[in-house]
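Residue-level structure breakdown
Next come the chains, spelled out residue by residue.
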Amino acid sequence: MTEIGLLVSRSLGHHGAKRVGVCAEPEVKEVRLSTDDRFLIVATDGLWTFIEPQEAAEVVWREMRHVDTSSASFGGGDQGGATLAAERLIQLARERWYLEENDLRDDISCVVVGLPVSATEEQFQTASARAAGAAARKKMQQSSNAAADGPSS
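A brief structural summary. The structure presented is a predicted model; accordingly, all values stated were derived computationally and were not measured.

Some thoughts on the environment of Ala86
As for its position among the elements, Ala86 is in helix 4 (residues 80-101). On the basis of relative accessible area, Ala86 is assigned to the buried category, the value being 8%. It is 5.8 Å that separates the C-alpha atoms of Ala86 and Cys110, two residues lying 24 residues apart in sequence. Ignoring any residue separated from it by four or fewer positions in sequence, one finds Ala86 in contact with Cys110 and Val112.

Rendered as structure tokens:
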């Protein structure tokens, strides 16, 4: 059985653990989402050691498609599909970990988030044009009303 000497998830932000090599600074990455993005997978290395990112995406896609997709979020508004997908990824990683190392550890964590289905760029431009048109009409109406009222004294 493998012994674990450091519980990394419990030491995040723990500045006292710096002396044993734990970095308290989180790794942050900003990513611009596109209209094609449907979900986000956040997982520990316990999952990524045994599942490649492309395979993980395929598993999530398959699991979330089985849930009602009629709501604003892919996989259903209640995130049920995301939960099922995360559970399936953890199950796969545990099975592979056991087969390869004949041992199981508890450092496989995974969160899957279904992202809202975004409007297309064309829909966004159409909505923006409508809003700009409404603002221009309102301004013209205000100018017309001010002219009809005559000069202010």
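Digging into helix 3 (residues 53-65)
Under the 1.5 Å per step criterion, the end-to-end length of helix 3 is 18 Å for 13 residues, consistent within 8% with the ideal 18 Å. All of the buried residues along helix 3 are Ala56, Val59, Val60 and Met64. For helix 3, the angular spread of the buried residues around the axis is 120°, confining them to a single face. Facing away from the buried surface of helix 3 by more than 90 degrees, the exposed residues are Gln54 and Arg65. Close packing links the buried residues of helix 3 with strand 1 (39-43), helix 2 (45-48), helix 4 and strand 2 (110-114).

A word on a nonpolar patch on the surface
A cluster of nonpolar side chains, Leu40, Val42, Val111 and Val113, forms an exposed patch at the surface whose accessible area comes to about 300 Å². Looking at the nonpolar patch, the elements that each hand over two or more residues are strand 1 and strand 2. Relative to the elements of secondary structure, Val111 occurs in strand 2.

Reading the values: the criteria
- Residues numbered from 1 in each chain as written.
- Predicted model: local features only at pLDDT ≥ 70, side-chain atom pairs only at ≥ 80, totals over all residues.
- Heavy atoms only, no water.
- Helix = DSSP H or I, 4+ residues; strand = E, 2+ residues; numbered from the N terminus.
- Buried < 20%, exposed > 50% of the residue type's maximum accessible area, 1.4 Å probe, protein only.
- Contact = heavy atoms within 4.5 Å.
- Expected span 1.5 Å × (residues − 1).
- Arc of directions from axis to C-beta.
- Patch = residues over 30% accessible without salt bridge, like charges linked within 9 Å, V, L, I, M, F, W, Y side chains within 5 Å.
- Areas by Shrake-Rupley, 256 points an atom, 1.4 Å probe, with all protein chains shown as cover.
- Salt bridge = Lys/Arg side-chain N within 4 Å of Asp/Glu carboxyl O.

Purely geometric stuff here, so don't read any function into it on its own.
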